Amino acid sequence: MRNIVPAVIFILLACVASTASAITSAGETTELDKTFPVVSSVEITIYGRIQLDVIFDDSVSYPGPYALYGVSEEGVGNTDDSQFYITANSTRLGMVLMGPEMGAKELTGLVEVDFQGDPENNTPDLLLRHAYLKYQWGNGWEIIAGQTWDVIAPLQPELLNWAPAWGWGNIGFWHPQLRISRWGNLVDAQFAISNPNEGDFDGGGIDDGEDAGYPNFQGRVGLHFDNDAAFGLYGHYGEQEIDTRARGGNERYVDTWSGGIDVAFPVTGWFFFTGEMFFGSNLDGYMGGILQGIHEYRRQGGIERDGYQSLGAWLNFALGKEGGKVRSNLGGSFEDIPDWKLEHGARTQNMVFWSNIFYELYPSLTMGFEFWHMETLYWRAKKGEPNRWQLSLIFEF
């Protein structure tokens, strides 16, 4: 089975080349010709991408069409169990809304969705990525109200894998928030209160973060320079209320927190590296902890509940001139969970090494190929060790 992968990729590349050379005959009406103007009280710009991914894994990863960690090879059928996917669920659609001109003040909005809402079944369910308004005024002041990327961990490696190294050593997600920022000539600062969506660990039917009764807090302070170099320090804090009184237990609050650094540095006009490092606890709501948040363990006097502590980092080297037809990335990451107070089968470490290349076939049409190797370690269970080969066609508009 593995021997046919290069042949499959070759056939797909040939199909791409023949499709790109095809021209719609004169006078033929297509769906693309049936366009209508957008009528609104504000200026609207539509953007997005149509993306097809062809994926082969030589072992099982979770959830499948994109990967967060390797599934343990413990048990029957999990050893070298290859997987194959064809999906268009990473397709995105967005719109930018421009408010009326107000001198030095500016009001804008953005809404963006993709179709990765049900990755376990590889079905195209709608997923809201961004939905916010932005108000800018004065000398670099800005307010964002709505859902967008977290303040913490603002950088991401360029990957074809839909999840930007989540579970691999990168944290940060889309959360509803109210954020204020100040962008200076050298120093920038952001602070936000965000929705404390952390899951329902206690099974009470209420999100444990929301049950705590107050938001999560996020902040970052950074330096940025004229040559695009940047450095920042970030962190967040919140709590979850674990309430087991209905089952004869007690009420306990478990912290979620993180602290980290982000670095971006241009070495030359065609070589750029970025990276982040963080340490924290109970980070599954921020796609950390190898997607593990709270765990239970026995100690004298009863059952304790605590957050998984986690240390993670990633580094990406990007090669290619701005505006060029070819660009590529080479990078690696890890996330490590201290192996104490763990239950059987807990994920203790995840390491990934990746390489990809992007080639512009035509303006707005890009082909990408990516390979990565992953090794996920488990407490007292066999590791998961998938390799992935992914071919993608991306039409951006």
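Residues numbered from 1 in each chain as written. Predicted model: local features only at pLDDT ≥ 70, side-chain atom pairs only at ≥ 80, totals over all residues. Heavy atoms only, no water.

Let's talk about the side chain of S333
Line of reasoning, step 1. Within the secondary structure, S333 is located in strand β18 (residues 326-336).
Line of reasoning, step 2. Leave out the neighbours within four places in its chain, and S333 touches W168, A313, W314, N350, M351, V352 and W354. (Helix = DSSP H or I, 4+ residues; strand = E, 2+ residues; numbered from the N terminus. Contact = heavy atoms within 4.5 Å.)

Section: the nonpolar core
Line of reasoning, step 1. Counting residues in each nonpolar core, the largest one holds 14 residues, and the members touching the most others are L68, W162, A163 and W166.
Line of reasoning, step 2. Here L68 is in contact with Y62, P63, A163, W166, G167, W168, M287, L291, N350 and M374, once residues within four sequence places are set aside.
Line of reasoning, step 3. Listed in part, the 11 residues of the second largest apolar core include W168, W314, V352 and W372. (Core = buried A, V, L, I, M, F, W, Y, C linked by side-chain atoms within 4.5 Å. Buried < 20%, exposed > 50% of the residue type's maximum accessible area, 1.4 Å probe, protein only.)

Examining the environment of P164
Line of reasoning, step 1. Within the secondary structure, P164 sits in the loop between β8 (141-149) and β9 (174-183).
Line of reasoning, step 2. Judged by relative accessible area, which is 6%, P164 ranks as buried.
Line of reasoning, step 3. With 123 residues separating them in the primary sequence, P164 and M287 have C-alpha atoms 10.0 Å apart.

A few points about the pattern of salt bridges
Line of reasoning, step 1. The tally for this structure, following the rule as stated, stands at 10 salt bridges.
Line of reasoning, step 2. Between D57 and R388 there is a salt bridge, and its shortest N-O distance comes to 2.7 Å. In this pair, D57 sits in strand β1 (residues 43-57) while R388 sits in strand β22 (residues 387-396), placing the two residues 331 residues apart along the sequence. Pair check on accessibility: D57 and R388 agree, each one buried.
Line of reasoning, step 3. Between R129 and E112 there is a salt bridge, and its shortest N-O distance comes to 2.5 Å. Taken together, the residues span a long stretch of sequence, with R129 in strand β7 (residues 127-137) and E112 in strand β6 (residues 106-114) at a distance of 17 residues. The pair formed by R129 and E112 is uniform in burial state, with each residue classed as buried.
Line of reasoning, step 4. One salt-bridge network, held together by shared partners, links E112, D114 and R129. (Salt bridge = Lys/Arg side-chain N within 4 Å of Asp/Glu carboxyl O.)

Description of the environment of H175
Line of reasoning, step 1. Tracing the backbone through its elements, the reader meets H175 in strand β9.
Line of reasoning, step 2. Those residues in contact with H175 that lie beyond four places of it in its chain are G146, Q147, T148, D150, S194, N195, N197, G285 and Y286.
Line of reasoning, step 3. In this structure the side chain of H175 is engaged in a polar contact, spanning 2.8 Å, whose partner is the side chain of D150.
Line of reasoning, step 4. There is a polar contact of 3.4 Å between the side chain of H175 and the backbone oxygen of G285. (Polar contact = N/O pair within 3.5 Å; in protein donor to acceptor, adjacent residues only side chain to side chain.)

Observations regarding a nonpolar patch on the surface
Line of reasoning, step 1. A cluster of nonpolar side chains, L186, V187, V221, L223, F225, F231, L233, I261, M277, F279 and L311, forms an exposed patch at the surface whose accessible area comes to about 880 Å².
Line of reasoning, step 2. Elements represented by at least two residues in the nonpolar patch include exactly β11 (216-224), β12 (230-243) and β14 (271-281).
Line of reasoning, step 3. Here F225 falls in the partly exposed class, since its relative accessible area comes to 41%. (Patch = residues over 30% accessible without salt bridge, like charges linked within 9 Å, V, L, I, M, F, W, Y side chains within 5 Å. Areas by Shrake-Rupley, 256 points an atom, 1.4 Å probe, with all protein chains shown as cover.)

Side note on the packing of aromatic side chains
Line of reasoning, step 1. As enumerated under the stated definition, the model contains 23 aromatic pairs in all.
Line of reasoning, step 2. An aromatic cluster is present here, built from Y66, W149, W162, W166, F173 and W174 joined pairwise through their rings.
Line of reasoning, step 3. R327 extends its terminal NZ or CZ atom over the ring of F358, reaching a point 4.3 Å from the ring centre.
Line of reasoning, step 4. The ring of Y69 is capped by R347, whose NZ or CZ atom sits 3.9 Å from the centre of that ring. (Phe/Tyr/Trp six-rings, centres within 6.5 Å; stacked < 30°, edge-to-face > 60°. Lys NZ or Arg CZ within 6 Å of the ring centre and 35° of its normal.)

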